[in-house]
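Each chain, letter by letter, is given below.
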Amino acid sequence: MHTTPTTDVLIAGETLIDIVRRLDGTQAESPGGSPANVGITLGRLGRIPALVTHVGDDERGAAIRSWLDASGVSLVSAPTGRTSTAQATLDADGAATYEFDLSLDLDATDAPDAPVVHTGSIATVLEPSASRLRALVEARRDAALITYDPNIRPTLVDDAERVRRTALECIARAHVVKASDEDVAFLHPDLALVDAAKQWVSSGPGLVVVTRGGDGALVVRAGSVFEIATPRVTVADTVGAGDTFMGALIDGLLTAGVSGPAAEERLGAISDHDLRRLLERAARAASVTVSRPGANPPTLAELDA
């Protein structure tokens, strides 16, 4: 008898077309968006992710649907209107600055059940998606591990205090938070990274990871603080690195049994030793992504090679 695969990670947030402009003046379009990149990472690592998003009924939307399907990501989206875009301009070090044209009319009412629910980035702080994702998380929190990546985009911020308040509310509702040092600097300009992470842990999450690019990551949970290193690689660009880390972290937590209704207790029970190994694997995954152009996370075979 043929059975339908069960979704193991439900991801909700924006999907868009990245329009990348390089220093030499060349331009290329490719599908992206932080939550979508997390889904691609999980699909390539052998998971069964579903993505709640908004994809337009246009040529760019068709490209996104093909891209998601190729990595085993099922789509929960009514194709209407236009597909969102992000124009990324790369500097000499491969770091990107963004300009956005967004359509965030996503609908989570038909989202499948899953033992992990991930949200993040633009869709969690801009309406109409922000209130819909907040409702999704509140409905699923007792039955799933909730993971969150603020992935703040300062160029989109018209009201910094409102965005800070909304992001901090999302952090407090999550069990696991992965943020970049730039996110922390935006949300807490007057706090050291470790103090901000400790403050977040006291507000709700059982695990906070702050990534620092080539300088590794800071890991904070109740009663322990430690750091992990990032593998040294030649950087092509940094597009999708944090999303790859997030996806590989979720994959590792699933493997460790940290999911479902007892996720909070299981997260608290995992040892620092096991957590370190899991996070070092996530950092390896991100290092593969930065070693090649665009958001192109590794497959399971590449990561475990």
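As shown above, the structure is provided for reference.
Things to note about the packing of helix α7 (residues 241-255) against helix α9 (residues 272-290)
Okay, so step 1: Two numbers describe how α7 lies on α9: the axes approach to 8 Å, and their chain directions differ by 145°. The two elements α7 and α9 meet at a crossing, and its hand is right-handed. Judged by residue contacts, Ala 241, Thr 244, Phe 245, Ala 248, Leu 249, Asp 251, Gly 252 and Leu 253 of α7 engage Leu 278, Leu 279, Arg 281, Ala 282, Ala 283, Ala 285, Ala 286, Thr 289 and Val 290 from α9.
Okay, so step 2: When its residues are assigned to classes, the contact of α7 with α9 shows 12 nonpolar, three polar and two charged.

Brief notes about the side chain of Asp 18
Okay, so step 1: Tracing the backbone through its elements, the reader meets Asp 18 in strand β2 (residues 16-21).
Okay, so step 2: Leave out the neighbours within four places in its chain, and Asp 18 touches Ala 28, Glu 29, Ser 30, Pro 31, Gly 32, Gly 33, Ala 86, Tyr 98 and Val 239.

Quick look at the pairing of strand β3 (residues 27-32)
Okay, so step 1: In this sheet, β3 lies alongside β2 in antiparallel orientation, the contact comprising six bridges. Bridging across to β3, Asp 18 finds its partner in Ser 30.
Okay, so step 2: The turn linking β2 back onto β3 is made up of five residues, and Gly 25 within it adopts a positive phi angle of 90°.

Describing the environment of Ala 92
Okay, so step 1: Mapping Ala 92 onto the fold places it in the loop between β6 (84-90) and β7 (96-101).
Okay, so step 2: Taking the C-alpha atoms as reference, Ala 92 lies 8.9 Å from Arg 22; in sequence the two are 70 residues apart.

Topic: the environment of Gly 252
Okay, so step 1: Within the secondary structure, Gly 252 sits in helix α7.
Okay, so step 2: On the accessibility criterion, Gly 252 (13% relative accessible area) is buried.
Okay, so step 3: Note: C-alpha distance between Gly 252 and Arg 277 (25 residues apart in sequence) is 9.2 Å.

Brief notes about the pattern of salt bridges
Okay, so step 1: Applying the stated rule across the entire model yields 15 salt bridges.
Okay, so step 2: For Asp 101, the salt bridge goes to Arg 82, with nearest N and O atoms at 3.1 Å. You can see Asp 101 sitting in strand β7 and its partner Arg 82 sitting in the loop between β5 (74-76) and β6, a full 19 residues away along the chain.
Okay, so step 3: Judged by its relative accessible area of 35%, Asp 101 is partly exposed.
Okay, so step 4: Judged by relative accessible area, which is 40%, Arg 82 ranks as partly exposed.
Okay, so step 5: In this structure, the salt-bridge partner of Arg 281 is Asp 251, at a minimum N-O distance of 2.8 Å.

Some remarks on the sheet that holds β7
Okay, so step 1: Here we have four strands laid out as an open sheet, ordered β3-β2-β6-β7, and mixed in their pairing. The strands lining the two open edges of the sheet, one partner per strand, are β3 and β7. Taken pair by pair, the neighbouring strands of this sheet meet at an average axis angle of 25°, ignoring direction.
Okay, so step 2: The pairing of β6 with β7 spans six bridges and is classified as antiparallel. Residue Leu 90 lies in a different strand from β7, and its bridge partner there is Ala 96.
Okay, so step 3: Running over the sheet, helix α2 (residues 59-70) touches β2, β3 and β6 and is turned about 60° from β3.

Some details on the packing of aromatic side chains
Okay, so step 1: For the structure shown, the criterion picks out zero aromatic pairs.
Okay, so step 2: Above the face of the Phe 186 ring, Arg 164 is positioned so that its terminal group lies 4.7 Å from the ring centre.

Regarding the sheet that holds strand β8 (residues 116-120)
Okay, so step 1: Pairing is mixed in the open sheet, where nine strands are placed in the order β5-β4-β1-β8-β9-β10-β11-β12-β13. At either margin of the open sheet sits one strand with a lone partner, and together these are β5 and β13 (224-228). Pairwise comparison of adjacent strand axes, ignoring direction, gives a mean angle of 20° for this sheet.
Okay, so step 2: With three bridges joining them, strand β4 (residues 49-52) and β5 adopt parallel strand pairing. Counterpart to Leu 51 in the pairing with β5 is Leu 75.
Okay, so step 3: Lying over the sheet, helix α1 (residues 34-44) contacts β1 (9-12), β4, β8 and β9 (145-149), oriented at roughly 160° with respect to β1.
Okay, so step 4: This element, α9, spans β11 (207-211), β12 (217-221) and β13 of the sheet and lies at about 30° to β13.

Here is what the cut-offs are and how they apply
Residues numbered from 1 in each chain as written. Predicted model: local features only at pLDDT ≥ 70, side-chain atom pairs only at ≥ 80, totals over all residues. Heavy atoms only, no water. Axes fitted to C-alpha atoms, helices over the stretch in contact; angles between N-to-C directions. Helix = DSSP H or I, 4+ residues; strand = E, 2+ residues; numbered from the N terminus. Left-handed = near helix turned anticlockwise from the far one by under 90°. Contact = heavy atoms within 4.5 Å. Nonpolar A, V, L, I, M, F, W, Y, C, P; charged D, E, K, R; others polar. Pairing = 2+ DSSP bridges. Buried < 20%, exposed > 50% of the residue type's maximum accessible area, 1.4 Å probe, protein only. Salt bridge = Lys/Arg side-chain N within 4 Å of Asp/Glu carboxyl O. Phe/Tyr/Trp six-rings, centres within 6.5 Å; stacked < 30°, edge-to-face > 60°. Lys NZ or Arg CZ within 6 Å of the ring centre and 35° of its normal.

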